[in-house]
Amino acid sequence: MSCAILSGAVLSGASAQEPLRAEVMHWWTSGGEAAGVRVFADAYEKAGGTWVDAAIGGGQNARAAAINRIVGGNPPTSSQFNTGRQFDDLVGQGLLVDLDAVAAEQKWRDVIPAPIVQAASREGKFYAVPVNIHGHNWMFYNTETFQKAGISEAPKTFDAFFADMDKLKAAGVTPIAWGGQPWQEALVFDAVLLGQGGKDLFYKVYRDKDEAAIKSEAFQRVAATFHRMRDYIDAGAPGRNWNDATSMVITGQAGIQIMGDWAKGDFIAAGKTPGKEAGCALVPGEAGYLMGGDVFVFPKIGGGAATEAQTLLAKTLLDPATQIAFNEKKGSIPVRTDVDVSSMDACARRGAELVKDPANQIPSVNFHVSADTVGALQDTITSYFNDPSATAEDFAADFASVMTAAR
Amino acid sequence: MATRIRRSAVPVVALSPTILIVLFAYVGTMGWTVWMSFTGSRLLPVNTFVGTEQYQRLFGDPRWLVSVQNMALFGVLFIGFCLVLGFLLAVAIDQRVRGEDGLRTIFLYPHAMSFIVTGLVWQWMMNPTLGIQEAVQSMGWASFRFDWVVRRDMALYAVVIAGVWQSAGLVMALMLAGLRGVDEELWKAARVDGIPTWRVYVSIVLPLLKPMIITSVVLLSIAVVKVYDLVVALTNGGPGTSTAVPAKYVMDYLFERQNIGLAAAASTVLLVTVLCVLAPWIYAEYFRKERGGA
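Q: I tried to follow the interface of chain B and chain A on my own but got confused; where do I start?
A: The figure often quoted for interface size is the accessible area lost as the parts come together. Across the contact, 20 residues belong to chain B and 26 residues belong to chain A. The largest per-residue losses of area from chain B upon contact with chain A belong to Leu 43, Leu 44 and Arg 257 of chain B, which jointly make up 28% of the total buried on that side. Residue Asp 379 of chain A pairs with Arg 63 of chain B through a salt bridge whose shortest N-O separation is 3.3 Å. For the pair chain B and chain A, the number of links is 12 residue pairs in polar contact (both at pLDDT 80 or more). Counting residues per element, the side of chain B that touches chain A draws most heavily on helix H12 (residues 246–256) of chain B, which supplies three residues.

Q: Just to check I follow, could you spell out the confidence of the model for chain A for this structure?
A: A low pLDDT score tells you not to read the predicted coordinates there in detail. When pLDDT is averaged across chain A, the result is 91; 96% of the residues are at 70 or more. Predicted confidence is poor over residues 1–16 of chain A, with pLDDT under 50, and the contacts of this stretch with residues over four places away or in other chains come to zero contacts.

Q: What's the story with the sheet that holds strand E15 (residues 361–363) of chain A in this structure? I'm lost.
A: Backbone-to-backbone hydrogen bonds join strands into a sheet, with any given pair of strands oriented parallel or antiparallel. Residue and element names in this part refer to chain A. Across the sheet, four strands lie side by side as E14-E7-E12-E15; this open sheet has mixed pairing. Single-partner strands in this sheet number two, and they are strand E14 (333–334) and E15. Examined bridge by bridge, strand E12 (residues 289–292) and E15 share three bridges and lie parallel to one another. Bridging across to E15, Met 291 finds its partner in Pro 363.

Q: How do you make sense of the environment of Leu 201 of chain A when you look at a structure like this?
A: Residues and elements named next belong to chain A. Mapped onto the secondary structure, Leu 201 falls in helix H10 (residues 182–206). Along the primary structure Leu 201 and Ala 218 are separated by 17 residues, whereas in three dimensions their C-alpha atoms are 8.1 Å apart. In contact with Leu 201, not counting residues within four places along its chain, are Leu 193, Ala 213, Ser 216, Ala 218, Phe 219 and Val 222.

Q: Just to check I follow, could you spell out the environment of Ile 214 of chain A for this structure?
A: Residues and elements named next belong to chain A. Mapped onto the elements of the fold, Ile 214 is located in helix H11 (residues 211–214). Here the alpha-carbon distance between Ile 214 and Pro 182, two residues 32 residues apart in the chain, equals 20 Å. With near-sequence residues (within four places) excluded, Ile 214 lies in contact with Val 205, Phe 219, Ala 396, Phe 399, Ala 400 and Met 403.

Q: I would appreciate a short explanation of the sheet that holds strand E6 (residues 128–130) of chain A in the present structure.
A: Residue and element names in this part refer to chain A. One open sheet holds the five strands; their spatial order is E2-E1-E3-E13-E6, and the pairing between them is mixed. The sheet terminates laterally at strand E2 (49–55) and E6, the two strands that pair on one side only. Each strand of the sheet is rotated relative to its neighbour by a mean of 30°, with strand direction disregarded. In the sheet, strand E1 (residues 20–26) pairs with E2 via seven bridges, with the strands oriented parallel. The residue of E2 that forms the bridge with Val 24 is Asp 53. Contacts between helix H2 (residues 31–46) and the sheet are confined to E1, E2 and strand E13 (294–297), with E2 contributing the most and set at about 155° to the helix.

Q: Would you mind showing me how to read helix H13 (residues 242–250) of chain A here?
A: Residue and element names in this part refer to chain A. Within H13 the residues assigned to the buried category are Ala 245, Thr 246, Met 248, Val 249 and Ile 250. In this structure, the buried residues of H13 make contact with strand E8 (138–142), strand E9 (174–176), strand E10 (254–259) and helix H14 (263–269). Following H13 by one or two positions, Gly 252 adopts a phi angle in the positive range, close to 80°.

Q: Please explain helix H9 (residues 158–170) of chain A as it appears in this structure.
A: Every α-helical turn comprises 3.6 residues, leaving residues that sit three or four positions apart pointing alike. Residues and elements named next belong to chain A. If you check H9, its first and last C-alpha atoms are 18 Å apart, about what 13 residues at 1.5 Å a residue would give, namely 18 Å. For H9, every residue scored as buried is listed here: Phe 158, Phe 161, Phe 162, Asp 164, Met 165 and Leu 168. Projected down its long axis, H9 carries its buried residues within an arc of 160°, all on one side. In this structure, H9 carries Asp 159 and Ala 170 as exposed residues pointing more than 90 degrees from its buried face. In this fold, the buried residues of H9 make contact with E8, helix H8 (143–148), E9, H10, helix H12 (217–228) and E10. One or two steps after H9, the chain reaches Gly 172, where phi turns positive at roughly 85°.

Q: Just checking my understanding: could you explain the pattern of salt bridges for this structure?
A: It is possible for side chains of opposite charge to pair when their charged atoms get near one another. All told, the structure shown has 30 salt bridges over all chains when counted by the stated rule. For Asp 372 of chain A, the salt bridge identified is with Arg 42 of chain B, shortest N-O distance 3.2 Å. Residue Asp 372 of chain A is found in helix H18 (residues 371–386), and its partner Arg 42 of chain B is found in the loop between helix H1 (2–36) and helix H2 (53–59); the two belong to separate chains. A salt bridge links Lys 248 of chain B to Asp 252 of chain B; its shortest N-O distance comes to 3.2 Å. With Lys 248 of chain B and Asp 252 of chain B both in helix H12 and four residues apart, the pair spans about one turn of that helix. By sharing partners, the salt bridges in this structure join Asp 379 of chain A together with Arg 63, Lys 248, Asp 252 and Arg 257 of chain B into a single network.

Q: Teacher, can you tell me more about unusual backbone geometry here?
A: Note: most peptide bonds trans; most residues except glycine with negative phi. Put simply, Gly 238 of chain B and Pro 239 of chain B share a cis peptide bond, and its omega is -10°. Its identity as a non-glycine residue notwithstanding, Glu 123 of chain A has a phi of 50°, on the positive side. Locating Glu 123 of chain A in the fold gives a position in the loop between strand E4 (121–122) and strand E5 (125–126). For Glu 123 of chain A, a relative accessible area of 84% translates into the label exposed. In this structure, Lys 209 of chain A takes a positive phi of about 50° despite not being glycine. Here Lys 209 of chain A is to be found in the loop between H10 and H11. When its relative accessible area of 11% is taken as the criterion, Lys 209 of chain A is described as buried.

Q: Sorry if this is basic, but what is going on with the pairing of strand E3 (residues 78–82) of chain A here?
A: Along a regular strand, successive side chains alternate from one face of the sheet to the other. All names here are of chain A. Most of E3 sits out of view: four of its five residues are buried. Direction of pairing for E1 relative to E3: parallel, over a ladder of two bridges. Bridging from a neighbouring strand, Met 25 pairs with Ser 79 of E3. Relative to E13, E3 runs antiparallel, the two sharing four bridges. By the bridge assignment for E13, Asn 82 is matched with Asp 294.

Conventions used here
- Residues numbered from 1 in each chain as written.
- Chains lettered and ligands numbered in written order.
- Predicted model: local features only at pLDDT ≥ 70, side-chain atom pairs only at ≥ 80, totals over all residues.
- Heavy atoms only, no water.
- Contact = heavy atoms within 4.5 Å.
- Buried area = accessible area lost by both parts, 1.4 Å probe.
- Salt bridge = Lys/Arg side-chain N within 4 Å of Asp/Glu carboxyl O.
- Polar contact = N/O pair within 3.5 Å; in protein donor to acceptor, adjacent residues only side chain to side chain.
- Helix = DSSP H or I, 4+ residues; strand = E, 2+ residues; numbered from the N terminus.
- pLDDT = per-residue confidence, 0-100.
- Pairing = 2+ DSSP bridges.
- Axes fitted to C-alpha atoms, helices over the stretch in contact; angles between N-to-C directions.
- Buried < 20%, exposed > 50% of the residue type's maximum accessible area, 1.4 Å probe, protein only.
- Expected span 1.5 Å × (residues − 1).
- Arc of directions from axis to C-beta.

Structure representation (structure tokens):
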């Protein structure tokens, strides 16, 4: 019996008409995410390939596993990273396939926002396939809770924001559902930096690493605004997961949550329609879309069928129909600006509309600095936020020293 | 002569796989880590020598300094409380109490759980919106507060509580074994002389328990240096960086933050710390005694 299976395997290995096999490593394991992966897998199988799913829970675990396999000489066909600089070293060491031929054929440069093109390419060549855009500066709220507190619409300025938070407090709910983990606190800080500080300050801080801008009064005002949010959170905030904070908003225990658009998935799962029961608005102030997202990279495998499988996969991931179907499930918006988003939910349409204008395409911190610096910034931000007596001035000085060290 | 050589060669040959494994898997990886700490490795290990750059960055990083302080404070409190509590529990059980087996199991049981489980359970219990505080307040004592995990100045003590709860039972088991080894005649003699019981424990039994105490301290010290999962489950280093520990620093930079060089430097500092603590003790315990015995 086993002999028969063996010889069968040998035979199929020898035949030239072998289906293109793609082993894809990713960390999309939660409900909406897994449904998104299914879209990719189905599209790839339809295009004539075989999708081998290698899901590993948790972004950092998945990346560590992928890097181990790439370095160990047994790379997967493709592996997920976040849009930004996480795979810099892999490109630098010449371990990734250059996708420029596919990119030119499908005119990626014309349909993908420039900052994403930049983040996916090194020295003018594509080394990654961006698959989605996540908005990082969303504010989600429960419209019912807002009505009860006497708030008619989402605040447009920070003065109105704090006035509304006071109303929520008076109505007996926790105003801000706060996820007390360093990355979440850093995410809120960046949203405030863009909203209150404006685009120029955001770029000066993260892109130019401008020490004077970081120590400026405008930056310290942003820091003070961020710190002021301490007055509107509950005692259980430290260490809280983002989805626990989301459920506080869903159940009406809390007013708003500032989070990336992946939180939308939890609202939908709880039977709330984005744009109706689940209100969404950008963080007050400057209207820019703080972009993050995911990419797939293709390690060098050694030609032949494996390379063909990689090319086919790259094409499939950016296919317009697949893009819409995938992003509907995932909660993000398509990375292509030329697709019809009318079937998506109200918040996604709003995001896609914003991203069409290059002036609103604001790349998040991951696009500008290494994972190492992102981590050091998180330490600085979380220490500042959690210390009731910390001053904006000291914080600015600490922040500046992290950024100047990263130059 | 030939037989003697053959006889001494046999153990060497028999042990050679072990020796090879020790050389490559333990000493080799240690050496490699130390070398990495002098390179500019980021996502991937590379061999570009950068001198002490990683160490300069490490000791300029406030989070690392907090981590080291936390480890020291945690270590002193954790080991101290575990020893005292473990000893008292052992003495209590040694009084031939009824249901001794059951009690022993209960006290030792926490040690059978992983730190992750301990951390999670204590996190729920000490979370002010879910656990003990909420329960007591809802029973009517509105001013009751027990919110250490979410307070910057107290969170580390919350970690100590969970750690002691987990490990005091182990110390108890070790001490109890020692107490059972104390000669019955000794107790009789003390009783005849009219020496108070507490005095016997302090002056006679404790010195006899020295090997158990040393074993406990070594086991607990290892737990202190590698404390990671307990902190991750209980506070995840927060609020802010107030419960940061070195092992978590290493893990963060190794995986999430993609800086192998810095993580290796932090591990090397840990290694050197352990060696500095262990070296005098090993010397005192083994080498001096041998010389004295000969």
